[in-house]
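Geometric and topological summary
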Amino acid sequence: MPVIPWQRRRALSAPRNTQLDGWRAFAVLGVIWLHWTPREWRGALPFEIGLYFFLILTGFLTTRVLLRDRDAGEKLRKPWKRMAFRHFLKRRAVRLLLPCYAAMLLGWLCGSPDLSAHPLIYLTHVANIHMAFSPSWPPGTAHYWTLAIQIQFFLLWPLVILYLPRKALLPALIAFTLLAPLTRWAALNYFPQVYHAGALSTSAADYLGMGSLLALAMERGMPAGDRRLRLAAWLAFAGYLVLYVFDESGHPVTGLRHVQQTLLSMAFVGLISATLRGFSGALAKTLEHPVAQHIGRISYGLYLFHTIVPLAVGKLIPWLWWTEGHDQTMLSLRILVFALGSWGIAYACWRYLEQPLDRFRQHARPA
């Protein structure tokens, strides 16, 4: 069967951006540090922003791929949207779902309590909604709220990008982005039964929407590293820092706290744009360092398994958990064991699952 135009175009596209892989490394390491260490080791720094960086990058990369598919499909002289939609889902399912289910299987074998009690919720990728209405985050599987949102996004977004008229794309993406602060405001003021509003699907709309707006702007001619976007990103980051400090001090700014994450999304959009243009000097050397590149390549596996490894360690090396309090030596040993275990499983996932699946994806053809 001949290669369809958008497959040929992707095959000829630019190689993977190595500096983005460097940022992936720092993002996943921040999330891991957040989940493995006690509060006194973290201070007030927002290590969780790595989660949001991944969602913003997902919005950007997904929308960029779909816009390219649309551009190629519109040049065909036959119906193309259904075929493009099906092919997109096939690529995403192969790449993301199988490693995700492998991690879920390991979590179930290790006795993850919430996964064992609600397997269908996890398997159908609505765990984020379940967690939003739960008083506490589940041990070992709390990070699945972002994975659930990503899967939901992959189901919805082709319908938006491929089927809406081109002139409706910009207002639709802006409206989608605004759903996030509106959701956070409504949950705080009218839905006290929601314990974790940030886990609701629409609360992540600004992360995904801002990334999508960057992809649309670049598709319409905005250059990577645009100066106006860079200025807007720095101003947004300054605004985010101010709101974050007030929030952490227990004095959130009424009326503005709900756009705090939207400002962070804008800042990360500027960072992604600047990265696509390319950094130089010490920052470039840091992002392109072999260690950062390796961690960036296996970052998906690290994210999937890093909260499950402590459960496995508890089964295999229970004495690591016997110490009382926050003994510094024992905590350091735990983190070392967690790191080695997470790296080993993540590398095996990348080497024996993700890479073969990537090769399968590249040779797949739509029906």
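This is a predicted model, so every value here is computed, not measured.

The next point concerns the layout of surface pockets. In this structure, the second largest pocket spans a volume of roughly 1500 Å³. Looking at the second largest pocket, it is lined by 50 residues, and the ones nearest its centre are Glu48, Leu51, Tyr52, Trp137 and His196. Classifying every residue of the lining of the second largest pocket gives 29 nonpolar, 13 polar and 8 charged.

Once that is clear, we can look at the side chain of His196. With respect to the helices and strands, the residue His196 is situated in the loop between α10 (166-190) and α11 (205-219). Note on His196: relative accessible area 15%, which makes it buried. Contacts of His196, omitting those with residues within four sequence positions, involve Met131, Ala132, Ser134, Pro135, Ser136 and Trp137.

Given a rise of 1.5 Å per residue, 15 residues ought to cover 21 Å, and the 20 Å separating the end C-alpha atoms of α11 matches this to within 8%. For α11, the buried fraction is high: 12 of the 15 residues fall into the buried class. If you check which residues of α11 are buried, you get Ala205, Asp206, Tyr207, Leu208, Gly209, Met210, Gly211, Ser212, Leu213, Leu214, Ala215 and Leu216. Where α11 is buried, its residues touch α4 (49-73), α9 (144-163), α10, α12 (227-248) and α13 (260-277).

All right, on to α12 then. A rise of 1.5 Å per residue sets the reference length of α12, with its 22 residues, at 32 Å; its end C-alpha atoms lie 31 Å apart and thus fit the reference within 8%. All of the buried residues in α12 are Leu229, Ala233, Ala236, Tyr240, Leu243 and Tyr244. Along the axis of α12, the buried positions cluster into a sector of 100°, meaning they face one direction only. More than 90 degrees from the buried face of α12, the exposed residues found are Arg227, Leu231, Trp234, Leu235 and Val245. Against the buried residues of α12 lie α4, α11 and α13.

Before going further, it helps to examine the packing of aromatic side chains. Under the definition given, this model contains 19 aromatic pairs. Ring centres 6.2 Å apart and planes at 50° place the aromatic pair Phe54 and Tyr303 in the tilted group. Highlighted residues: Phe54 in helix α4 and Tyr303 in helix α16 (residues 299-305), separated in sequence by 249 residues. Residues Phe153 and Phe154 carry aromatic rings whose centres are separated by 6.2 Å and whose planes lie at 50° to one another, so their mutual orientation is tilted. Relative accessible area serves as the criterion here: at 3%, Phe153 is assigned to the buried category.

Reading guide: rules and limits
Residues numbered from 1 in each chain as written. Predicted model: local features only at pLDDT ≥ 70, side-chain atom pairs only at ≥ 80, totals over all residues. Heavy atoms only, no water. 1 Å grid on protein atoms, 1.4 Å probe; cavity = no way out; pocket = protein on both sides within 12 Å on 5 of 7 lines; lining within 4 Å. Points joined across faces, edges and corners; volume = space filled by probe spheres on them. Nonpolar A, V, L, I, M, F, W, Y, C, P; charged D, E, K, R; others polar. Helix = DSSP H or I, 4+ residues; strand = E, 2+ residues; numbered from the N terminus. Buried < 20%, exposed > 50% of the residue type's maximum accessible area, 1.4 Å probe, protein only. Contact = heavy atoms within 4.5 Å. Expected span 1.5 Å × (residues − 1). Arc of directions from axis to C-beta. Phe/Tyr/Trp six-rings, centres within 6.5 Å; stacked < 30°, edge-to-face > 60°.

Spatial relationships are all this shows, so hold off on functional conclusions.
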